[in-house]
Number of protein chains: 2
Amino acid sequence: MNKTLKIALTGAVLLLLAGCGKLNFDNDSGSGSTSTKAGSFTTTGTNDSGTYQGIIQGGKYKTSQARGLTLTQNNQNGNTFNVRSMEDGLQTIAQGQFATDKYYFEEGQLLTTATTENWLARQKGKYSKKNDQDSFADNSLGLNPAKNKYNDSDANKRNPIYLQQILEQDYMVKNGSSFSLGGVAIALGMNSVDYFQKEKYGATYQTNISDSKLTSEGKAMAAKVIQRFRRMKKVGNNTPIIVGIYKQTKQDSLVGGTFVSYVVSKSGTNVSNWKSVDEQNEVLPVVNGNKAINSTVANDFSDFTNQIKSFFPTLAGITSQVHYKNGALAGMNITINTQFYGQTEINSFTQYVSTAASKYLPSGADINISIQSVQGMQAFVARKATEKSYYTHVFSSY
Amino acid sequence: MNKTLKIALTGAVLLLLAGCGKLNFDNDSGSGSTSTKAGSFTTTGTNDSGTYQGIIQGGKYKTSQARGLTLTQNNQNGNTFNVRSMEDGLQTIAQGQFATDKYYFEEGQLLTTATTENWLARQKGKYSKKNDQDSFADNSLGLNPAKNKYNDSDANKRNPIYLQQILEQDYMVKNGSSFSLGGVAIALGMNSVDYFQKEKYGATYQTNISDSKLTSEGKAMAAKVIQRFRRMKKVGNNTPIIVGIYKQTKQDSLVGGTFVSYVVSKSGTNVSNWKSVDEQNEVLPVVNGNKAINSTVANDFSDFTNQIKSFFPTLAGITSQVHYKNGALAGMNITINTQFYGQTEINSFTQYVSTAASKYLPSGADINISIQSVQGMQAFVARKATEKSYYTHVFSSY
């Protein structure tokens, strides 16, 4: 623990004593909540130089209004994998702009619930219906297009919901004993598939949205979003704003989507210099005769799976989320579902998994292996891309 | 991965190819299953020099018949914490006798289901009833006492079930390309409380068993058990046998019991030189006005808890299993139940937990912290007794 952390923690203790009984969430703070009250800040601390410290204000962690909302706004397009992967992915993009040793992380505090609802809505139009889930009354701020006359009938001619969720992350800089906004990162979660019903309680149909359409719609929305953020007093003309376009996966996907493009607006509202992001996700083993993105990785995973299954034939299944970056394998999240009776079986199995992983799984990528049973996680085996050997942990009990 | 492991693994792959379609559990093998077929063995491998490698025979991991049984034999005394902690504890005792770099671990293969059932039963007597769950017909091998005339009426005068479960672990030595039995470790899981009904479907009563009674009964049973194992051909007169007496906790306990005593029989049936084990378990925070075993540890945990709760007031609870060995803190398994919405909240919280753990939790003991939500484990923070800094892992998703 370095010196800075120690000082920060001492502050936290004092705050803890002073703040008893006031420990509620700060959900109603809205856009005014980034105000800097001297002495009321502390940070989460970190033991990894590559991650941001989080800010705690007045003894409590501030959640984002917009983030909670995106989960409930339109459930039929919902996929929790998208939510989590978008959060992580935006932070990764932000790291290129806001150094982790200089900036501190705070959940987005600028977008209020009401604002986010308005932005996610459709424009009001001739074909809007009263009480449409996605059409708020008198909504001139909606970033999604108004319905057209095919909207409830023709999957290919209708105007889909392009923008499914908005995520804001704030990157703060330290000013003496308090923090002020140093940068904003915004993710626009775009549907690759928009699900809809032709009639209430009817069958679900889907409108597929091409990558190029998704990107062009996202870029147009990004320009509007940057303009709107620039008008916020806390942001003004000169706070750097990152906007990333995130392509959501289908609702039945077992892996989240990826960012396809992002732009950094250092000042003003002129948006140019979009950078494309080359990332892909897939789930192994591939099903329905689909082709794996990288056959070497797929074969390695298959060898690993076969080796593991020979040990415990009662395994319910082994799957992996696989992440590619710039064409190369970046990481695998492997889940092994099994049925265990005893601690020593888990111990032996975990040893076996770690040995098989060393032998069969590709090097140079993050590998995380969760060993699950119906009772929850039993053991965990992981190796970072930069490491040679696996860390193993069996969750035991006294 | 060292050379031995590589060779072992190559063997495993060949076996895998040869063994397709034969991957069933080997539950019916009984006491003959430790037979050594040349070339059919491999091991699990290990990346920790302090743990045993497990043995895989014919491509499959052999489970123990006795172990599965103990879970179902008498459900009303069942507590899964006892099962897991007894398994781990017996292995720890075995390590003092069977070095981890020389011996290999195998789930107990000598006790069959039928034998275990007979040994766990009561002796048949005048007050035995037909179809008693715990009285097998014509059972001369039962290690538990026959019922007496108070058995269904008086909690203090009745003969309780002392022996609740038997666990066998085999420690194997390598002979060329195969393995043979090098030692046996047996745990006798003794009830500290025996639960019973005075009438069928009636209220549950309990007979408390004192530590001294539990130990003396256990020692008498250990002598019989050693005699019986010595008569098994695989064991004979000269295979070292360890018998440990394990004191089970009550059925509503959130932590398992501890071993109270063990003996090593190097040869023959003369049992002496019992060694006592000084271990204690508790759950923090203590409830019902009970006193914590060690007030310093309890205070440290309380400080840690308060610090964590200040961060996220929606925490459902923080509890810890605490393990003491020879009067000193040996380890804590802390579970933090919380409600999370997003990945970045979990990231920040995990940083915060690891910083608070560094500051408040005692050093020199194993600390494991699981951060749980209703969706399962979200993150994990751990430090071994010998380490200075915490390992943290947030379970993320692509």
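Before any of the text, the structure's been laid out above.
Residues numbered from 1 in each chain as written. Chains lettered and ligands numbered in written order. Predicted model: local features only at pLDDT ≥ 70, side-chain atom pairs only at ≥ 80, totals over all residues. Heavy atoms only, no water.

## Notes on the interface of chain A and chain B
On the side of chain B, 79 residues touch chain A, which itself brings 80 residues to the contact. For the chain A face of the interface with chain B, the top three residues by lost area are Arg84, Thr344 and Tyr398 of chain A, together amounting to 14%. Linking chain A to chain B there are 0 salt bridges. For the interface between chain A and chain B, the tally reads 30 residue pairs in polar contact (both at pLDDT 80 or more). It is helix α7 (residues 343-360) of chain A that provides the largest number of residues to the side of chain A that touches chain B, a total of 13 residues. Its residues assigned to classes, the side of chain A that touches chain B comprises 30 nonpolar, 40 polar and 10 charged. (Contact = heavy atoms within 4.5 Å. Buried area = accessible area lost by both parts, 1.4 Å probe. Salt bridge = Lys/Arg side-chain N within 4 Å of Asp/Glu carboxyl O. Polar contact = N/O pair within 3.5 Å; in protein donor to acceptor, adjacent residues only side chain to side chain. Helix = DSSP H or I, 4+ residues; strand = E, 2+ residues; numbered from the N terminus. Nonpolar A, V, L, I, M, F, W, Y, C, P; charged D, E, K, R; others polar.)

## A word on the packing of helix α3 (residues 80-95) of chain A against helix α7 (residues 343-360) of chain B
Relative orientation of the contacting elements α3 of chain A and α7 of chain B amounts to 65°, with a least axis distance of 8 Å. The residues of α7 of chain B that touch α3 of chain A, namely those facing Arg84, Glu87, Asp88 and Gln91 of chain A, are Gln343, Thr344, Ile346 and Asn347 of chain B. For the contact of α3 of chain A with α7 of chain B, a count of residues per class yields 1 nonpolar, 4 polar and 3 charged. (Axes fitted to C-alpha atoms, helices over the stretch in contact; angles between N-to-C directions.)

## Considering the pattern of salt bridges
Throughout the structure, instances matching the rule amount to 8 salt bridges over all chains. Taking the shortest distance from any N to any O, the salt bridge between Lys147 of chain A and Asp152 of chain A comes out at 3.9 Å. Under the relative-accessibility criterion, Lys147 of chain A is labelled buried at 12%. On the basis of relative accessibility, which here comes to 24%, the residue Asp152 of chain A falls in the partly exposed class. Here Asp211 of chain B and Lys247 of chain B are joined by a salt bridge, their closest N and O atoms 3.0 Å apart. Highlighted residues: Asp211 of chain B in helix α5 (residues 211-230) and Lys247 of chain B in strand β9 (residues 241-247), separated in sequence by 36 residues. Asp211 of chain B gets classed as partly exposed once you look at its relative accessible area, which sits at 43%. (Buried < 20%, exposed > 50% of the residue type's maximum accessible area, 1.4 Å probe, protein only.)

Any functional reading would require information that these geometric values do not contain.
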